[in-house]
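Spelled out from the first residue to the last, the chains are:
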Amino acid sequence: MYKKILCSFILVCVLCFYEVNAKENFYQNNKEVILTKEEYEFISELYWNGYQDYLTMEEYLDLKNRDLFNQKVETRIQEIENHSLTRSTEVTTNLRNLKISKVCSNSCTLTLTITFIGTPTVKSYDVLGVRTENVTISRIDHAKVIGDGYIKEYDNPQKFNNGFGYSLLLPNVGNVKAVVTFKTSKGGNVYGSYQHTMRNTTENISKQYSINENGFGRVFDFTGTTRNIYDNAPGVDIAV
């Protein structure tokens, strides 16, 4: 009888161990990042459901070490539907979503994400970036452009004392998303903008702007003829 009780106890302990372990190791990507279910859901909120595949160990440890997984994610979303048609008949953009999300402790981590639901006709250099008010940007991570079987990182933002911008070349694939992660101090506001080009252009031309509240999406103040290239889509903003 004693042996049976002992065996039953051991079996229960083993099952409990595997159950707890299964809960802890809810998901693992090919970068050796292991997420709990709660962490997996957090990444879906801060980025999107599926970004878990692209999450690096550096990104994970930064969130973990700053105890951000236990903080609340706040999000603002702007839907942009055929917006470029108000300025030009050369391109049909279809629906795309611009999202800015934040999670804060002593400082804030923010993500600015664009998601194309339709497929743009023109695939050239678009711009993604932010403007800040009363906050300081302490770090700008690589921007990522992701699509079907495609991922490319950019590490050359154009920096200003009140924000930054990335010039991103749209790939000829479906389900395109682009995202940049950055960190700020608290106590002000952050404005995000994504401007889609209505005709083919160059990277150098796409960088002809300053960061200004009177610019496109309240961020990009394009100069000269560059103002006629981009679609003047609305932006998003969030308090930090």
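Attention here is on the structure that accompanies the text. (Residues numbered from 1 in each chain as written. Predicted model: local features only at pLDDT ≥ 70, side-chain atom pairs only at ≥ 80, totals over all residues. Heavy atoms only, no water.)

**A few points about a negative patch on the surface**
A cluster of like negative charges, contributed by Glu24, Glu38, Glu41 and Glu45, occupies part of the molecular surface. Within the secondary structure, Glu24 is located in helix α1 (residues 2-24). Accessibility expressed as a relative area gives 44% for Glu24, which makes it partly exposed. (Patch = residues over 30% accessible without salt bridge, like charges linked within 9 Å, V, L, I, M, F, W, Y side chains within 5 Å. Areas by Shrake-Rupley, 256 points an atom, 1.4 Å probe, with all protein chains shown as cover. Salt bridge = Lys/Arg side-chain N within 4 Å of Asp/Glu carboxyl O. Lys, Arg positive; Asp, Glu negative; His and termini not counted. Charge placed at Lys NZ, Arg CZ, Asp CG, Glu CD. Helix = DSSP H or I, 4+ residues; strand = E, 2+ residues; numbered from the N terminus. Buried < 20%, exposed > 50% of the residue type's maximum accessible area, 1.4 Å probe, protein only.)

**Section: the packing of aromatic side chains**
The full count for this structure, using the stated rule, is 16 aromatic pairs. Here Trp48 and Tyr51 contribute two aromatic rings whose centre-to-centre distance is 5.2 Å and whose plane-to-plane angle is 75 degrees, an arrangement assigned as edge-to-face. Note on Tyr51: relative accessible area 1%, which makes it buried. Considering the side-chain rings of Phe222 and Tyr230, the 4.6 Å spacing of their centres and the 10 degrees angle between planes classify their relative orientation as stacked. Here Phe222 matches Tyr230 in class, with each residue buried. A connected cluster of aromatic rings, assembled from ring pairs, spans Phe160, Tyr209, Phe216, Phe220, Phe222 and Tyr230. Note that Arg131 overlies the ring of Tyr191, its terminal NZ or CZ placed 4.1 Å from the centroid. (Phe/Tyr/Trp six-rings, centres within 6.5 Å; stacked < 30°, edge-to-face > 60°. Lys NZ or Arg CZ within 6 Å of the ring centre and 35° of its normal.)

**Overview of the sheet that holds strand β8 (residues 150-154)**
Spatially, β3-β4-β5-β11-β7-β8 is the arrangement adopted by the six strands of the open sheet, whose pairing is antiparallel. Edge positions in the open sheet fall to β3 (74-81) and β8, since each of these has one partner strand only. Here the strands of the sheet are splayed against their neighbours by 15 degrees on average, with no regard to which way each runs. Looking at chain direction, strand β5 (residues 108-116) and strand β11 (residues 177-184) are connected through eight bridges and run antiparallel. Looking at the pairing, Cys108 lines up with Thr184 of β11. This element, helix α2 (residues 37-46), spans β3, β4 (95-104) and β5 of the sheet and lies at about 125 degrees to β4. (Pairing = 2+ DSSP bridges. Axes fitted to C-alpha atoms, helices over the stretch in contact; angles between N-to-C directions. Contact = heavy atoms within 4.5 Å.)

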